[in-house]
Amino acid sequence: MTMESTSTDRPVSLPEAPTLQARNSAAFWAATGVSRGHEVIRRRGFVAVDGDERAGQRILIQEPDLDPGEVAELSELTRRRVGPVTIEDPFSSTDLAHLGMRTWQMPVMLRLPGPVAAPALDVTRVRQSEDLRAAEQVVIEAFDLDGFQPYRPGELFPTSLVEHPGVDVFLASVDGAVAGAGLSVAADGIASHYWIATSSAFRSRGVGRAVMLGALADVAHLPATLTASKLGRPLYESLGYTVAAPSTWWATPAADA
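Scoring rules and cut-offs
Residues numbered from 1 in each chain as written. Predicted model: local features only at pLDDT ≥ 70, side-chain atom pairs only at ≥ 80, totals over all residues. Heavy atoms only, no water. Salt bridge = Lys/Arg side-chain N within 4 Å of Asp/Glu carboxyl O. Helix = DSSP H or I, 4+ residues; strand = E, 2+ residues; numbered from the N terminus. Buried < 20%, exposed > 50% of the residue type's maximum accessible area, 1.4 Å probe, protein only. Pairing = 2+ DSSP bridges.

Caption draft 1: Here's a closer look at the pattern of salt bridges. For the structure on display, the rule yields eleven salt bridges. The salt bridge involving R54 is made with E155; its shortest N-O contact spans 2.6 Å. Placement of the pair is R54 in the loop between β2 (46–50) and β3 (57–61) and E155 in the loop between α3 (129–142) and β7 (167–174), with a sequence separation of 101 residues. Given the relative accessible area of 11%, R54 is considered buried. For E155, a relative accessible area of 15% gives the class buried.

Caption draft 2: Region of interest: unusual backbone geometry. A cis amide bond links Q149 to the next residue, P150, at an omega of -5°. Tracing the chain through its elements places P150 in the loop between α3 and β7. The backbone phi angle of S92 is positive, close to 50°, even though this residue is not glycine. Checked against the element boundaries, S92 lands in the loop between β4 (85–89) and β5 (102–111).

Caption draft 3: Inspection of the pairing of β3 at higher detail. For β3, the tally of buried residues reaches five of five residues, placing the bulk of the element in the interior. Here β3 shows two buried faces, one formed by Q57, I59 and I61 and the other by R58 and L60. Pairing between β2 and β3: five bridges, direction antiparallel. If you follow A48 over to β3, its bridge partner there is I59.

This is the structure in structure tokens:
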């Protein structure tokens, strides 16, 4: 899967959003896995990133029709894991109840190409290592990623991650203080966004909106997908995203979405 920011040559529709999100999420997590030195396993129906006891294992279902062999291999991967597991199924079509994991749903959303406003806060693309570390710490705090504590610089966002074409990390600041962060991925003509985070000291001050606007600026010509939390959905709807379909997530108790 190529990481690029060229525009698609055809319109996209809401029914396509789960597939587009599946592909982008696989591109993002594969880039993350490679940057961390973890094994990336690619199959027709899923992509798995087999991490260590802290990063855990991420499985991205890529098709709505996994065959019994693929389900069996996916299940065996989760059983022999060394850390927490998170499985993302944007099609909500694969029953993994036999794994005994907790499960929940979040909507896949689609935004068609179109202009975006300038952010009201200062938002910059990360270029320096110290800024990447700042973004990393905001995300760990905002998402309660206890598995990455005690903090080890470069573990969540390795320096080489932002060297992958199409992967960008953004920082938002308020009066010179780091207030929020987020990550965007442009792959195969589709953009998506991950880890949109606001520091607890700056909540309810428009930081998440600023991060999203800053991240959308260079990919506004592309269709964009994302998977929204309950709290994030109103923000994304205000930015032109429309709910397309429910995505089902499965995780071990210690895993973080």
